[in-house]
Amino acid sequence: MRNPSGLSPDFFENSVAQAAIASGARGLLIASVSGGADSTAMLVALAAARDRGLVSGLRCLHVEHGIRAEDESRGDRDFVRGLCASLRVPCAVATVKPGKIARAARKLGIGIEAAARLYRRRAWSRAMRGRRRARILVAHTRDDAVETALLRLLRGAGPAGLAAMPVSRGRILRPLLAFGRAEAREYLSRKKIAWREDSTNADPRYMRNRARLRLVPFLDGEFPFWRGALSSMAATQSLAARFISEEAARRIPWRPLPGARGEKFPEMLRVDEALFFSAPEILREEALFQGANALKPPKSMRRSEIRRAGVRLFAKGGARAADLGGAEARREGGEVILSRRKTARPASERGFALLIITPGSYTLDDMVLEARALAQGEIAGLGAGEFVAALPAVIRPSHKEDKIGRETGGRAGREICAGDALGTAALFDAEGRIAARREELPERPASWAIIGTRMTKNADSASRSALL
């Protein structure tokens, strides 16, 4: 919705209130406010709408992440509290101890931003506990939606990941999606209300900041139409994602295993193997995502936490079992069975995964892998850094339990742990096997594994070759 005569405070406030109401918000509204311009504008607009009787039950939640300098973090907290007092909005502060998010990021193998989101969502859940009709309001703008779509495009997301950011998803509402950051700042300027600037927004260590500070200005200058084109693509992907989701649920209906009836989240799910593989491959992938999300928690599993490489390999029929991250898929007794992992994934296994389908050169993080066809009679002449594998294959971080067999100079080498001097990344074949002896090679070449060495970017001599 656009205002033809230019942005006015009333128009902005009415639009924010209407977005919340149209999303079905009927209970307590909890505005998540950092003190930045966007969330400040959202809170001020909601308070004005409350005063006019358009919305009711407004509260504020500020999350102190413990990431930035103490004085800056304390300044944000005091600013939000002061703003809430002036607007007559009850304010709660959720404080995360300094260093806790950084430790969680290292433990889970994710970035600081992703770890901060986990703690922020935890604070939201606690704020809504016992309030069934409560909703969390976040200040994502049109610019955030475009940047998110751009980042997901760069990461190779599927239709669900590329779909347009919704105004409402579950108990989270985004009433500012119709406006850009500049419009939020214009609104605050007209209301003569200040806001806080987050120093980390200029930190290039964060991927979103690099995209915002470097990539977005380049695209704006060279391809001025890119925002509209990306938004159009996201709208199309929303339709595609909805169709794929509905069709997968219809054609591949998961059933709980015996003993799980009546449970909201079963331990294991199953579906007929022939039925699963009779559906198109994209529906098989979607069914695996849906099934993994439906399994009994220890905690809910977001789509981004499921290993797409494992999903793709299993959906292609290239493996009888696959690790999907927090869940496992296997073919057994004429059925496809999904189950929650019984043990936590090792931290070394959470960082990356790459599916190798065809020969070629692959770069993953700081590792280079050259996959080439194996010529007849070439096995005996393998170099010290060369191993045999078969397609399709998956490369992922190794952990101390991995064992491999190595050959050097035509002699069987000792069995060693992946992760010692040879390297820290393990490549597995379609059957998930990671070790073999020389005498098995002619009959079962797929049972060999490759270990790639992590290298500095300029260490060309450290490349490893896979003979496929």
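Relevant structure appears above.
Chains are numbered independently. Their residues run from 1 in the order of the written sequence. Owing to the predicted nature of the model, reporting of local features is limited to residues with pLDDT of at least 70; listing and counting of side-chain atom pairs is limited to 80 or more, with chain, interface and lining totals taken over all residues. Note: side-chain values were computed over all heavy atoms of the structure, leaving out hydrogens and water.

1. Let's talk about unusual backbone geometry
Despite not being glycine, Arg-88 shows a phi value in the positive range, around 60 degrees. Residue position: Arg-88 is located in the loop between helix H3 (70-87) and strand S3 (91-95). A 1.4 Å probe rolled over the protein chains alone gives each residue an accessible area, and that area as a share of the maximum for its type sets the label: buried under 20%, exposed over 50%, partly exposed in between. For Arg-88, a relative accessible area of 58% puts it in the exposed group. Residues other than glycine seldom take positive phi values, yet Lys-192 does so here, at roughly 60 degrees. A run of H or I in DSSP becomes a helix once it reaches four residues, and a run of E becomes a strand once it reaches two; helices and strands are each numbered from the N terminus. Inspection of the secondary structure puts Lys-192 in the loop between helix H8 (181-191) and helix H9 (207-222). The class of Lys-192 is exposed, set by a relative accessible area of 75%.

2. A word on the environment of Ala-22
Along the chain, Ala-22 falls in helix H1 (residues 9-22). Assessed through its relative accessible area of 71%, Ala-22 is described here as exposed. Distance from Ala-22 to Val-167, taken between C-alpha atoms, is 9.4 Å for residues 145 residues apart in sequence.

3. Considerations on helix H13 (residues 308-315)
H13 sits mainly inside the fold: 6 of its 8 residues count as buried. All buried positions along H13 are accounted for by Ala-309, Gly-310, Val-311, Leu-313, Phe-314 and Ala-315. Looking one or two residues past H13, Gly-317 carries a phi angle of roughly 85 degrees, positive in sign.

4. So, a positive patch on the surface
Patches in this entry comprise residues that are over 30% relatively accessible and not in a salt bridge; like charges within 9 Å are linked, as are nonpolar side chains (Val, Leu, Ile, Met, Phe, Trp, Tyr) within 5 Å. Working definition of accessibility: Shrake-Rupley area with a 1.4 Å probe, residue cover restricted to the visible protein chains. For this document, the term salt bridge refers to a Lys or Arg side-chain nitrogen within 4 Å of an Asp or Glu carboxyl oxygen. We score Asp and Glu as negative and Lys and Arg as positive, and we do not count His or the chain ends. The atoms used to mark charge sites are NZ of Lys, CZ of Arg, CG of Asp and CD of Glu. Together, Lys-97, Lys-100, Arg-103, Arg-106, Arg-122, Arg-126 and Arg-129 give the surface a local cluster of positive charge. Taken together, the elements giving at least two residues each to the positive patch come down to helix H4 (100-108) and helix H5 (112-128). Counting through the fold element by element, Arg-122 comes out in helix H5.

5. Some thoughts on the side chain of Asp-38
You can see Asp-38 is positioned in helix H2 (residues 37-51). Setting aside chain neighbours within four positions, we find Asp-38 in contact with Ala-139, Thr-141, Asp-144, Leu-176, Arg-181, Ala-184 and Arg-185. Whether two residues are in contact is decided by their heavy atoms, any of which lying within 4.5 Å being enough.

6. What to know about the environment of Arg-242
Relative to the helices and strands, Arg-242 is located in helix H10 (residues 226-251). Residues Arg-242 and Ala-160 lie 82 residues apart in sequence; the distance between their C-alpha atoms is 8.0 Å.

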